[in-house]
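Letter by letter, the chains look like this.
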Amino acid sequence: MNTSSQPDHTKLDEQQLNQAISTMLDDARVSAQSLPQCPQISLWLVEPESMRRAFSQEEILRIQTYPAYWAFCWASGQVLAREILANPHWVKGKKVMDFGAGSGVVAIACVLAGAREVIACDIDPDALLSCAANARLNNVGYRLHPDLFAFDEDLDLLIAADVLYDRANLPLLEVFRQKAQQVIVADSRVKDFHFPPYQATGRSESFTVPDLDELDEFRWVNLYRA
């Protein structure tokens, strides 16, 4: 019975995510894809072919309205997941929140690295659906939460990857420090990052999966810690 239930669950996850991503593009589909820089992890991500064609004006507006961030593994998330797997002492035995979790890639890495408890937090219900499906895909478990501001439990560590794409999000850096004893931020967008007490701790080249042929400047991910 248990043997036959797994494929059914996988198929159901794929169907639900395909339905969600069709909000962005009618012909967009997801598939299970391993990550080049941390192949231990596989994610349900958009099939690249559907993103490599000319879009109509209506489709462009739909993509802008609902960009389905959760269907991509952004460069910062891939780097942070890889670094956590390479440095498990960062999270081992800790209660960790992955804020702006998207696909849940960093949350998955935290569980694999031995975190005591992991919370994947995202305001987008479809992202939480993706986080749940990707947890099952990787045979890990973590909690889901929709609202950082409503979360009132103690955290040892809060991790955020690629959430500063809009400068209006910069005040979150102070909120993170209020919510957790330690914070790690991965970002490829902010130039001249100077927000004490955050300190730069590393820099690495990466890319989005599927690769969107982004500008070279967005392929360099910086890590900051407070």
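Taking an unreviewed UniProt entry as the reference, the chain is identified by name as Methyltransferase belonging to Thalassolituus hydrocarboniclasticus.

**Student:** Just to check I follow, could you spell out the pairing of strand β3 (residues 95-99) for this structure?
**Tutor:** Along a regular strand, successive side chains alternate from one face of the sheet to the other. Burial analysis of β3 places five of its five residues in the buried class, which makes it a mostly covered element. Residues Lys 95, Met 97 and Phe 99 of β3 are buried on one face, and the alternating residues Val 96 and Asp 98, pointing to the opposite face, are buried as well. The parallel pair β3 and strand β4 (residues 117-121) is bridged by helix α4 (residues 105-112), and the resulting crossover is right-handed. In the sheet, β3 pairs with strand β6 (residues 155-161) via four bridges, with the strands oriented parallel.

**Student:** Explain the packing of aromatic side chains here, please?
**Tutor:** The description of an aromatic ring pair uses the distance of the two centres, along with the angle that the planes make with each other. For the coordinates displayed, the defined rule picks out six aromatic pairs. Members of the aromatic cluster, connected to one another through ring pairs, are Phe 193, Phe 195, Tyr 198 and Tyr 224. Lying over the aromatic face of Trp 90, Arg 225 brings its terminal NZ or CZ to 5.0 Å of the ring centre.

**Student:** Even after reading the chapter, I still don't get the environment of Val 91, so can you show me in this structure?
**Tutor:** You can see Val 91 is positioned in the loop between α3 (75-86) and β3. Remark: the alpha-carbon pair of Val 91 and Ala 115, spanning 24 residues in sequence, is separated by 5.1 Å. Here Val 91 is in contact with Ile 84, Val 96, Cys 110, Ala 113, Gly 114, Ala 115, Arg 116, Leu 157 and Ile 159, once residues within four sequence places are set aside.

**Student:** Explain the packing of α3 against α4 to me, please; I cannot follow it from the model alone.
**Tutor:** Helix packing for two helices is described by the angle between their axes and how far apart those axes are. Between α3 and α4, the least distance of the axes is 9 Å, while the angle of their chain directions is 5°. Taken as axis vectors, α3 and α4 run roughly parallel relative to one another. Counting all contacts with α3, which are made through Gly 77, Leu 80, Ala 81, Ile 84 and Leu 85, the residues of α4 involved are Val 105, Val 106, Ala 109, Cys 110 and Leu 112. Partitioning the contact of α3 with α4 into residue classes produces nine nonpolar, one polar and no charged.

**Student:** Would you mind going over the nonpolar core with me for this structure?
**Tutor:** Nonpolar side chains in soluble globular proteins generally cluster together in the buried interior. Formed by 37 residues in total, the largest nonpolar core has its most connected members in Leu 35, Leu 80, Ile 84, Val 91, Cys 110, Tyr 142 and Ile 159. Going through the elements one at a time, β2 (38-46), α3, α4, β4, α5 (125-137), β6, β7 (180-187) and β9 (220-225) are the ones with two or more residues in this core. Among residues more than four places away in sequence, those in contact with Leu 35 are Ile 41, Leu 43, Leu 45, Cys 73, Gln 78, Val 105 and Val 209. Residues Leu 158, Leu 164, Ala 180 and Tyr 224 belong to the second largest nonpolar core, which totals 23 residues.

**Student:** Even after reading the chapter, I still don't get the pattern of salt bridges, so can you show me in this structure?
**Tutor:** Here the idea is simple: oppositely charged side chains can pair when their charged atoms come close. Tallying each qualifying case throughout the model produces 11 salt bridges. Residue Asp 26 is joined to Arg 62 by a salt bridge in which the shortest nitrogen-to-oxygen separation is 3.1 Å. Taken as a pair, Asp 26 in the loop between α1 (2-21) and β1 (30-35) and Arg 62 in helix α2 (residues 57-65) lie far apart in primary sequence, 36 residues in all. Between Glu 117 and Arg 143 there is a salt bridge, with its nearest N and O atoms 2.5 Å apart. Placement of the pair is Glu 117 in strand β4 and Arg 143 in strand β5 (residues 143-145), with a sequence separation of 26 residues. Residue Arg 143 is classed as partly exposed on the basis of its relative accessible area of 32%.

Cut-offs and rules
- Residues numbered from 1 in each chain as written.
- Predicted model: local features only at pLDDT ≥ 70, side-chain atom pairs only at ≥ 80, totals over all residues.
- Heavy atoms only, no water.
- Buried < 20%, exposed > 50% of the residue type's maximum accessible area, 1.4 Å probe, protein only.
- Helix = DSSP H or I, 4+ residues; strand = E, 2+ residues; numbered from the N terminus.
- Right-handed = clockwise from strand over helix to strand, strands pointing away.
- Pairing = 2+ DSSP bridges.
- Phe/Tyr/Trp six-rings, centres within 6.5 Å; stacked < 30°, edge-to-face > 60°.
- Lys NZ or Arg CZ within 6 Å of the ring centre and 35° of its normal.
- Contact = heavy atoms within 4.5 Å.
- Axes fitted to C-alpha atoms, helices over the stretch in contact; angles between N-to-C directions.
- Parallel < 35°, antiparallel > 145°, perpendicular 65-115°, else oblique.
- Nonpolar A, V, L, I, M, F, W, Y, C, P; charged D, E, K, R; others polar.
- Core = buried A, V, L, I, M, F, W, Y, C linked by side-chain atoms within 4.5 Å.
- Salt bridge = Lys/Arg side-chain N within 4 Å of Asp/Glu carboxyl O.

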